[in-house]
Amino acid sequence: MAKTGDLPAHRRAAIVGLGLTEMGRVYGPTAQQFAAEAVRRAAADAGLELSDIDGLLVSAGVTNAVNLSLQVDLGLRDLRMLTQLQAFGSTAGAMVQYAAMAVESGMVDTVACVFADAPLRPGLTSGAAYTSRAAPRGWPGLREASGFDGPNTMYALAARRHMLAFGTTSEQLGAIAVAQRAWAGMNPLAQLREPITIADHQASRFVVEPFHLLDCCLVSNGGVAVIVTTSDRAASRAQPPVPVLGWGQAHPGNRWRRNDDFGLVSGAARSGPAALRMADVAIGDVDVVELYDCYTYTVLLTLEDYGFCEKGECGAFVSTPGVLGPGGSLPLNTGGGQLSGYYMWGMTPLSEAVIQARGQAGERQVERHDVVLVSGNGGFLDYHSTLVLGGGSGT
Amino acid sequence: MAISPVARDSASADFFDGTRRGAFLLRRRRSTGEYLDPAAVPAQSDEVDLEYAPAGGGARVVSWSTLRGRNGDTEEPVRTVVGIVELDEGPWWWSQLVDVDPDGDLTDLRVQVDFLASGPDPHHEVVPVFRPTEPDHRR
């Protein structure tokens, strides 16, 4: 695999714009309207006109309500790249990867990558928004009829397997939730900012054992977009450019089939090292880590697979005082993540990564932010993407 | 939480024909004898290497979880245990585990397939569930 350093500097891809709409229990706009607003905000953030965009990558969430007609809604004429992507929680990272390849090849100059969703409705619980609505027929129907009607159950089975194999405990998972809530307390965009304790985690109701409520991510309405262009164009834009240094994907392909790694090893174990090699950095060079955290357990597994600790030892690692949370040795999910911040699928870790890489995170800003590692995870640990982004702390 | 009704489609019809007569059908490669998931499909439309073959019904629990819900009629809290089981033939299966202690350690528990009607109507299929073979783990 080539290293990004092999390309001429002016051809390398960088993120130059970030647009976030209102997020959370925000009712009224459709998913497509959230998407359009996110792209407008990202372009404005970069100091670009919408007419400067010549590539558009679209990603829809659980409601699947954002599509290629977004081009028309935005009045984007004569695009040179237009695609809808779906790799679930790994899509945001994948969009940036394809956008980077497209601008580095010269196919396009400026690509907008956008995700939006609006599954929440007044009076509908967050859990109901993600419960299967498929007709109970055939193989999917058989699984639904048997109790496998959403991601909670599958991730709970994965987490239980990790607990059985390595002795991981619920309290150790709780340490991740507590640390991320502490970061969220400094993020004005976060939906949940009140501090919590391990005791609060343990006292929160079971959703699906072994997951308590505080092990599970939020559900949010809203949209997020980023703008990718080449470094030479990025240099003249309104925001500090965030170089895309490396990337990788891994999709094991064992969905609903025997998988002896289920719950123990994910695609992150191949995607992460590939991305680091491409960026020509080592895991020890990473300053900030923004991981897909649909559940506390997902964070724990990804940390292991990326190599921040030995396999099976992450429970002890994350619960060691001084590792996680503000001021800790591992700045992880510094905006509160999906657990406490906002749930925009892979755009949650990506957006916070851009904010940190730029040095614009206010009181939660991590001092050293030259290398930022971002994960995306989709399905039931079925799809994985990794990004390595550059920052500008100059330290 | 009871099994909810499920209907067949063309891809699952042979499997549900099996459950109605008390057979858990897997796919098996004629050439190697390897057992595959019942949802496995031939690599080519004219491939004849895959056949249906009944599983023995024995399995062990790989992982499990307890769902929290409410009885639709009485609103009483209900706990349902679901799990991944490794069939003796090799494939994994995702199923309800019935008559097990929801607070017990089900690691490697030996279970045996049983079959339950998923609903009251004739088109509601019969679905597999697994029960412990060891009395100590029964609820």
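Computed from a predicted structure; not experimentally measured. (Residues numbered from 1 in each chain as written. Chains lettered and ligands numbered in written order. Predicted model: local features only at pLDDT ≥ 70, side-chain atom pairs only at ≥ 80, totals over all residues.)

### Considerations on the overall build of chain A
1) Next: Within chain A, the regular secondary structure consists of 14 helices and 11 strands.
2) Next: Here the C-alpha atoms of chain A give a radius of gyration of 20 Å, agreeing with the 21 Å that 2.2 N^0.38 yields for 395 residues.
3) Next: In terms of principal-axis extent, the alpha carbons of chain A reach across some 50 × 50 × 40 Å.
4) Next: Looking at the 395 residues of chain A, the share that counts as buried comes to 58%.
5) Next: By sequence separation, contacts in chain A at least 24 residues apart represent 77% of the contacts at least 6 residues apart. (Helix = DSSP H or I, 4+ residues; strand = E, 2+ residues; numbered from the N terminus. Rg over C-alpha atoms; globule rule 2.2 N^0.38 Å. Buried ≥ 20, exposed ≤ 12 C-beta atoms within 10 Å, placed from the backbone. Contact = placed C-beta atoms within 7 Å.)

### A few points about the overall build of chain B
1) Next: When helices and strands are counted, chain B shows 1 helix and 8 strands.
2) Next: When the helices and strands of chain B are read in sequence order from the N terminus, they spell out α-β-β-β-β-β-β-β-β.
3) Next: Referenced to the eigenvectors of the C-alpha coordinate spread, the extents of chain B come out at roughly 50 × 35 × 20 Å.
4) Next: Relative to its 139 residues, chain B shows a buried fraction of 32%.
5) Next: Across chain B, every contact between residues at least 6 apart in sequence was considered, and the portion connecting residues at least 24 apart equals 53%.

### Side note on the pairing of strand S4 (residues 110-117) of chain A
Residue and element names in this part refer to chain A.
1) Next: The buried fraction of S4 is high, at 8 of 8 residues.
2) Next: Side chains Thr110, Ala112, Val114 and Ala116 of S4 all project onto a buried face; the interleaved residues Val111, Cys113, Phe115 and Asp117 project onto the opposite face, where all are buried too.
3) Next: The sheet contact formed by strand S2 (residues 55-60) and S4 spans 6 bridges and is parallel. Bridge pairing in S4 places serine 59 opposite phenylalanine 115.
4) Next: As defined by bridge partners, S4 adjoins strand S7 (residues 222-230) across 8 bridges and the pair is classed as antiparallel. If you follow alanine 112 over to S7, its bridge partner there is isoleucine 227. (Pairing = 2+ DSSP bridges.)

### Here's the deal with the sheet that holds strand S9 (residues 288-290) of chain A
Residues and elements named next belong to chain A.
1) Next: The strand order across the open sheet built from 9 strands is S3-S2-S4-S7-S1-S8-S11-S10-S9, with neighbouring strands paired in mixed fashion. A single partner strand is all that each edge strand has here, and the edge strands are strand S3 (81-85) and S9. Across the sheet, the axes of successive neighbouring strands diverge by a mean angle of 25 degrees, strand direction being ignored.
2) Next: As paired elements, strand S1 (residues 13-20) and strand S8 (residues 242-250) share 2 bridges and run antiparallel to each other. (Axes fitted to C-alpha atoms, helices over the stretch in contact; angles between N-to-C directions.)

### Quick word on the interface of chain A and chain B
1) Next: Taken together, the 23 residues of chain A in the interface contact 30 residues of chain B.
2) Next: Relative to strand S4 (residues 58-70) of chain B, strand S5 (residues 206-209) of chain A is paired through 2 bridges, and the arrangement is antiparallel. Counted as the bridge partner of glutamate 209 of chain A is threonine 66 of chain B from S4 of chain B.

### What about unusual backbone geometry?
1) Next: Residue proline 210 of chain A is bonded to the preceding glutamate 209 of chain A through a cis peptide linkage, with omega at 15 degrees.
2) Next: Within the secondary structure, proline 210 of chain A sits in the loop between S5 and strand S6 (211-212).
3) Next: Even without being glycine, asparagine 333 of chain A reaches a positive phi, approximately 50 degrees.
4) Next: Note that asparagine 333 of chain A resides in the loop between helix H12 (314-318) and helix H13 (337-341).
5) Next: With a phi close to 60 degrees, aspartate 108 of chain B is a non-glycine residue in the positive phi region.

### Concerning the confidence of the model for chain B
1) Next: Of all residues in chain B, 92% have pLDDT values of 70 or greater, and the mean over the chain is 91.
2) Next: Across the predicted assembly, pTM comes out at 0.95 and ipTM at 0.94. (pLDDT = per-residue confidence, 0-100.)

### Observations regarding the sheet that holds strand S3 (residues 50-54) of chain B
All names here are of chain B.
1) Next: Taken in spatial order, the 3 strands of this open sheet run S2-S1-S3, and their pairing is antiparallel. Looking at the sheet topology across the chains shown, the edges are occupied by strand S2 (35-36) and S3.
2) Next: Two elements, strand S1 (residues 25-29) and S2, share 2 bridges in a ladder whose sense is antiparallel. Residue arginine 28 lies in a different strand from S2, and its bridge partner there is tyrosine 35.

### Points about the domain arrangement of chain A
All names here are of chain A.
1) Next: Partitioning chain A into structural domains gives domain 1 (4-121 + 221-242) and domain 2 (150-217 + 244-390).
2) Next: Placing the centre of domain 1 and that of domain 2 at their C-alpha centroids yields a distance of 23 Å.
3) Next: Taken together, the 28 residues of domain 1 in the interface contact 34 residues of domain 2.
4) Next: Of all elements in the fold, only S1, helix H3 (91-105) and S7 reach the threshold of two or more residues within the side of domain 1 that touches domain 2. (Domains from an automatic or database assignment.)

### A closer look at the packing of helix H7 (residues 170-184) of chain A against helix H11 (residues 296-306) of chain A
Residues and elements named next belong to chain A.
1) Next: Contact geometry for H7 and H11: axes closest at 9 Å, N-to-C directions at 100 degrees. By the angle between their axes, H7 is roughly perpendicular relative to H11. Where H7 approaches H11, its residues Leu173, Ile176 and Ala177 are matched on the opposing element by Thr296, Tyr297, Val299 and Leu300.
2) Next: Residue composition of the contact of H7 with H11, grouped by class: 6 nonpolar, 1 polar and no charged. (Parallel < 35°, antiparallel > 145°, perpendicular 65-115°, else oblique. Nonpolar A, V, L, I, M, F, W, Y, C, P; charged D, E, K, R; others polar.)

### So, the packing of helix H6 (residues 151-166) of chain A against H11 of chain A
In helix packing, the relevant descriptors are the interaxial angle and the interaxial distance, both defined with respect to the helix axes.
Residues and elements named next belong to chain A.
1) Next: Running from N to C, H6 and H11 cross one another at 50 degrees; their axes reach a closest spacing of 10 Å. As the angle between them shows, H6 and H11 are arranged oblique. Viewed along their axes, H6 and H11 form a crossing whose handedness is left-handed. Only Tyr297, Thr298 and Leu301 of H11 make contact with H6, whose side of the interface consists of Tyr155, Ala158, Ala159 and His162.
2) Next: Broken down by class, the residue content of the contact of H6 with H11 amounts to 5 nonpolar, 2 polar and no charged. (Left-handed = near helix turned anticlockwise from the far one by under 90°.)

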